[in-house]
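# Analysis of the macromolecular model
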Amino acid sequence: MPKASQITFNGGELTEFMDPRVDTAKYSKGCQTLENFTPMPFGTILSAPGTEHITTTKYADRKARLVPFSFSKDDDLIEIEVGHEYFRFFLNQAPVAPPTPSAWVTATPYAVNDYVTEGGNSYRCLIAHTSGTFSTDLAAENWEISTVLEVASPYQEEDLFELQFEQINDIVMIVHPDYEERMLVRKASDDWELQTIDYSVSPNYPALAPVNTTDTTLALTGSFEQVGDTPTLTASTDLFSSDSVGQLISISHDREEVIQNYNIALSGFSTGDSAPFYAYGDVVFETAGIGTYNVYLEESKTPGDGSSWKTRRSFVDPNPLSFKGIDGEARNERSSFSLSEPTYLRVRYVGLAGGAATGANKTTAIIEVSEPSVKGLLKITQVNSATEALVEVIEPFLKGDATTEWREQYFSKTRGFPRAICLHKERRCLGGEDVLLSQPGNYFNYRERNDADSGFMVGVNRNGAPQVQWLESLRDLRVGTNLAEGDIVQEISSEAFGYNNYDLRWDTNHGSNNLRAQSINGTILYLQPEGRTLRNQEITGIEDYYSSNSETMLADHILEGGVAQTAYQRQRYPTWHGVRKDGELASVLYEKSQNIFAWYRRKTEGEIESISVNSRSDEEDQVCYIVKRSVNGSTVRNVEYVKLGQYRGLQNDDTSEMWFVDDGIRVEGSGMTEATGLDHLEGQNVSILCDGAKIAERTVSGGSVPLDYPTDIAIIGRPYEYTVIPMFLESQGTMGATKKITNAIVRLWKSGTCKVRVNEGDWSTLSFPNLQSSQAPLLQTGDSSKVAVNGDWSRNTAIEIKGRSPLPLNIQAITLEYQMSGK
């Protein structure tokens, strides 16, 4: 009787259109269904570990998502629950409690996110107010009971999965196309603050749109020479609306002179100051003349304040008693430098008595700037009409004349906000219609300069209306738009990457979804706009060209319905996860160097709505889900962590901590005959593991279930099934022939029982040498006994194997005996 074996399953789940493709290498390794198994690079499929119930999300009737936060090199793992108008925090798989608050006090001003205690409960302030009576304030919804640390946010439920995050140290930077940029700042484990980014405060500086090309002019009236002045801004055409409040605008005026000469005659110990000179960029300072004197070049941001001047350069006599100072006839000074921000300069001379005490020391100073224009910056504080606004001066202006030389803030309410973010070569990169790069090391300063440290814009110029959907940093800055994919490269490798040394190269034109791409070991994985096709972006080695192949080509069903969120898991093996909109998790084991990309699916009793993956120093990353479930007929949303250590636990024969249930908890006691504390599973059918042994499933009632015998450790949770259906029993030599599978042998590793069938026929159970008892059984390793499966005659025939938690099912190989008739 012929035999056929499948000894590896790392081809993953394949599309039904692969059914006749026995000519491909994937066919003999692939599966029609691979559900709640995890394929290993070496070919075995292991049971997907279960999840531990932590708590519920804030709102049962609203979606939320999870975001990982890497705090330090140790294993303190933080997850952030991002929900409708809030953030909540988890540390090491437990909710972070609010700080110990003070008691509520009447007639006290309270701010949003303040905490108080009243009547034995902790409350968080929702609306800034001055307290009256607590019952009145509570009825006005100024407070809510809080048991988990929470921070208010502006993001609505429908916005959550469009948010993109980038962490740097203790700051999480957040962008969304409809919201101004924000930072979530960690000050301590129980102290977080959500801040907007103020580009009007030095050293920050906004990214600016290209120079106005219309005939609209802007003019200033009133005082505008000092920081903090509040002139009126007038536009020649309708330009302002209520959305303009808070917007920054740069206005440029040409200088009449780029050189300031300062001539002064000093006598004895007299002093003299030049008029302030507004400068930016490259500056040259020179002195000339006769006599002896000390000279100081001073700078100030606010020249009207006499105490604000500080010395930038000084040329003085090192020995004041010599009365020599700088001898103009022998030593004329020259100094050059660059100003990174607009600054007022002035020259101060101090005559020395040792010079011509009774005569005049004739001296000259020259300040010369390379920038022929002066660019002031203002913030709109109030809109009076479509053509008039009140503003605050952020950087002073030399003139208020009407001019068309002005630039709006690139990201604003009127222009929209960035939808993509990443860090690349120490620059903070934002994506909208173009890509904006900050100065290196100064993540919130986009000021343009005439050097390699300048902030700059890369125009995204293609046919259509391209919108940057994601940015990702590898060797180059990768860019995905709704129309095409490319990379921003350092054109001359020997020179610094900057505004005059880059090139935007377009490599492919598949178009990208607005979910952030994931970088995996030199490859970028991104979704096409419909959210069902996953593509890579990897270098080909031919003139740095990047190809973009489909990773769902052989599994075009796997992302059915589209993807709501993605994540990348580095350990134990590199894996891309996609949360499908129908609540399944589709994942691909991605060992590209070994030509392994194996798709598989995770299903649970409910819907997985969000995933977080947090890196650990151990061999496994921490995976966490938000799962929509039903409890006793009511909808809940849970925070659940995938249980770590299951693979190593099985290797070490530690069966007491096996965790192959979902939404589970660990109940511990001495000789328990009942497990309690199961309120989150009320009315649900549960699987139970008692000291490593499986007992019959039962229904939770009153938050408890009976146990079959005295137990010290019980693992209790929702059951799930493992299902694998390999590809059809087929080869090029047997295609078209009818076949009948008669017997099956399954090689297992550390497994419980399972059942097999052929083509939806009757189930047969594999036999095991160890019978279930009150003691934990030895798990099966090796070949099972031959089991008759009684398949029907068919041209398309395949075996199906199914197991059920709480015991694992780990399959290494399947051997089938079959009969074959003529074609």
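Above this text is the structure in question.
Notes on the structure in this doc start here. (Residues numbered from 1 in each chain as written. Predicted model: local features only at pLDDT ≥ 70, side-chain atom pairs only at ≥ 80, totals over all residues. Heavy atoms only, no water.)

### Concerning the overall build of the protein chain
Under the convention used in this document: Only DSSP runs of H or I covering at least 4 residues are called helices, and only runs of E covering at least 2 are called strands; the numbering of each starts at the N terminus. Residue exposure (1.4 Å probe, protein chains only): buried if accessible area is under 20% of the type maximum, exposed if over 50%, otherwise partly exposed. Residue exposure ignores everything except the shown protein chains as possible cover, and the areas themselves are Shrake-Rupley values with a 1.4 Å probe.
The number of helices and strands found in the protein chain is 2 helices and 66 strands. Its C-alpha atoms put the protein chain at 120 × 70 × 60 Å along the principal axes. Expressed as a percentage of its 823 residues, the buried residues of the protein chain come to 54%. Accessible surface, the protein chain as shown: approximately 34000 Å² in total, 46% of it carbon and sulfur.

### Digging into the state of the cysteines
Heads up, the condition is: Note on disulfides: each one is a pair of cysteine sulfur atoms within 2.5 Å.
This model, assessed by the stated rule, comprises 0 disulfides. The thiol of C31 is unpaired, and the distance to the nearest cysteine sulfur, on C754, comes to 14 Å. Residue class for C754 comes out buried when judged on its relative accessible area of 3%.

### Overview of the pairing of strand β14 (residues 121–125)
Here is the rule: Strand pairing is assigned whenever DSSP identifies at least 2 bridges connecting the two strands.
Bridging between strand β13 (residues 115–118) and β14 involves 4 bridges; their strand directions are antiparallel. When the sheet's bridge partners are listed, V116 is paired in β14 with Y123. The turn linking β13 back onto β14 is made up of 2 residues, and G119 within it adopts a positive phi angle of 60°. Taken together, the 3 bridges between β14 and strand β16 (residues 143–145) define a ladder with antiparallel strand orientation. Directly across from C125, in β16, lies its bridge partner W143.

### What to know about the layout of surface pockets
Just so we agree on the cut-off: Detection works on a 1 Å grid of protein atoms alone, calling trapped sets that fit a 1.4 Å probe cavities and calling open sets with protein on both sides within 12 Å along at least five of seven lines pockets, with lining residues defined by an atom within 4 Å of a point. Grid points are joined across faces, edges and corners, and a volume is the space filled by probe spheres set on the points. Charged means Asp, Glu, Lys or Arg here, nonpolar means Ala, Val, Leu, Ile, Met, Phe, Trp, Tyr, Cys or Pro, and polar covers whatever is left, Gly included.
Counted as a void, the largest pocket has a volume near 980 Å³. What lines the largest pocket is a set of 37 residues, among which P68, F165, R516, Q518 and R570 lie closest to the centre. Put simply, the parts of the chain that give the lining of the largest pocket at least two residues each are β7 (65–70), β18 (164–168), β36 (420–424), β40 (468–473), β44 (518–520), β48 (563–569) and β52 (607–614). The biggest single contributor to the lining of the largest pocket is β7, with 6 residues. Here the residues of the lining of the largest pocket are counted per class, giving 18 nonpolar, 13 polar and 6 charged. Looking at the second largest pocket, it is lined by 32 residues, and the ones nearest its centre are Y280, E371, K375, E448 and R449. Those elements that provide at least two residues to the lining of the second largest pocket are β27 (277–289), β31 (334–351), β33 (373–385) and β39 (456–458). Taken together, the residues that form the lining of the second largest pocket break down as 15 nonpolar, 7 polar and 10 charged.

### Comments concerning the side chain of S146
For clarity, the cut-off: Polar contact is the term for a pair of N or O atoms within 3.5 Å; when the atoms are in protein, one must be able to donate a hydrogen and the other to accept it, and sequence-neighboring residues count only if both atoms are side-chain atoms.
In this structure, S146 sits in the loop between β16 and β17 (150–152). Within polar-contact distance, the side chain of S146 engages the backbone oxygen of V148 at 3.0 Å.

### Some thoughts on the pattern of salt bridges
Two side chains with opposite charge may pair up if their charged atoms get near one another. Rules: Salt bridges are defined as contacts in which a side-chain nitrogen from Lys or Arg sits within 4 Å of a carboxyl oxygen from Asp or Glu.
Scanning all chains against the criterion turns up 55 salt bridges. For E817, the salt bridge is made with K3, and the minimal N-O distance between the two is 3.8 Å. Pair noted here: E817 is in strand β66 (residues 811–820) and K3 is in strand β1 (residues 3–6), with a separation of 814 residues, a long-range link. The buried category is assigned to E817, whose relative accessible area is 9%. If you follow the salt bridges from partner to partner, you end up with E13, E35, R580, D582, E584, R601 and K603 in one network.

### So, the sheet that holds strand β34 (residues 388–395)
What counts here: Angles shown run from 0 to 180 degrees and are taken between the N-to-C directions of axes, each axis being a line fitted to C-alpha atoms and, for helices, limited to the stretch in contact.
Spatial strand order, β22-β23-β34-β33-β24-β35: 6 strands in an open sheet with antiparallel pairing. Here the strands that pair on one side only, and so sit at the sheet edges, are β22 (218–221) and β35 (406–408). In this sheet, neighbouring strand axes are inclined to one another by 35° on average, regardless of whether the strands run parallel or antiparallel. Examined bridge by bridge, strand β24 (residues 248–254) and β33 share 7 bridges and lie antiparallel to one another. If you follow L248 over to β33, its bridge partner there is K379.

### As for the environment of P95
Our working definition: Contact between two residues is taken to exist if any of their heavy atoms lie within 4.5 Å; hydrogens are not considered.
Turning to its location among the elements, P95 is positioned in strand β10 (residues 94–95). Sequence-wise, P95 and K643 are 548 residues apart; in three dimensions their C-alpha atoms are separated by 17 Å. Sequence-distant contacts of P95, defined by excluding residues within four places in its chain, comprise I54, T55, F89, F90 and V148.

### Structural notes on the pairing of β18
Where β18 meets strand β19 (residues 171–176), 5 bridges bridge the pair, whose relative direction is antiparallel. Following the sheet pairing, E166 is matched in β19 by M173. From the end of β18 to the start of β19, which pair antiparallel, there are 2 residues, and N169 there has a positive phi angle of about 55°.

### Comments concerning the packing of aromatic side chains
Any two aromatic rings considered together are summarised by their centre-to-centre distance and by the angle between their planes. Short version of the rule: Note on ring pairs: Phe, Tyr and Trp rings are taken, using the six-membered ring of Trp, and paired if centres are within 6.5 Å. Classes follow the plane angle, with under 30 degrees stacked, over 60 edge-to-face and the rest tilted. Note on geometry: a ring has a charge over it if NZ (lysine) or CZ (arginine) is within 6 Å of the ring centre and within 35 degrees of the ring normal.
Inspection of the entire model under this criterion finds 19 aromatic pairs. Following the ring pairs from residue to residue traces out a cluster consisting of W104, Y110, Y123, F134 and W143. Across from the ring centre of F277, 4.7 Å away, lies the NZ or CZ of R255, which sits over that ring. Taking NZ or CZ as reference, R602 lies 4.4 Å from the ring centre of Y720, over its face.

### Overview of the side chain of E52
Along the chain, E52 falls in strand β6 (residues 51–56). At 3.0 Å, the side chain of E52 and the side chain of K643 are in polar contact. Setting aside chain neighbours within four positions, we find E52 in contact with Q93, V639, E640, Y641, K643, W659 and G664.

### Here we look at empty space enclosed by the protein
Under the counting rule described, the total for this entry stands at 4 cavities of 30 Å³ or more. Here the largest cavity defines a volume of roughly 530 Å³. As for the largest cavity, its lining consists of 33 residues, and the residues nearest its centre are T38, A48, P49, Q569 and E620. Secondary structure elements with two or more residues in the lining of the largest cavity: β4 (37–39), β5 (45–47), β49 (575–580), β50 (585–591), β51 (596–602), β53 (622–631) and α2 (646–651). Taken together, the residues of the lining of the largest cavity sort by class into 18 nonpolar, 9 polar and 6 charged.

### Regarding the sheet that holds β39
Read across the sheet, 4 strands follow the order β36-β37-β38-β39 without closing on themselves; strand pairing throughout is antiparallel. In the strand order of this sheet, the two ends are held by β36 and β39, each with one partner. Mean inter-strand twist for the sheet, computed between neighbouring axes without regard to direction, equals 20°.

### Quick notes on the environment of V391
Within the element layout of this structure, V391 appears in strand β34. Residue classification places V391 among the buried residues on the basis of a relative accessible area of 0%. With 429 residues separating them along the chain, V391 and M820 place their C-alpha atoms 87 Å apart. With residues near it in sequence (within four places) discarded, V391 still touches L220, D229, T230, P231, L233, L378, K379, I380 and T381.

### Brief notes about the nonpolar core
Going by this rule: By nonpolar core is meant a set of buried Ala, Val, Leu, Ile, Met, Phe, Trp, Tyr and Cys residues that side-chain atoms within 4.5 Å join together.
I799, I801 and I811 are the most contacted members of the largest nonpolar core, which totals 45 residues. With 5 residues, the top contributor of residues to this core is strand β60 (residues 739–751).

### Thoughts on unusual backbone geometry
Excluding glycine, most residues fall at negative phi; most peptide bonds, likewise, are trans. With an omega of 15°, the peptide bond running from Q571 to R572 counts as cis. Looking at where R572 falls in the secondary structure, it is placed in the loop between β48 and β49. A cis amide bond links S805 to the next residue, P806, at an omega of 25°. Structurally, the position occupied by P806 is in the loop between β65 (799–804) and β66. Phi is positive for N36, which is not a glycine, with a value near 65°.

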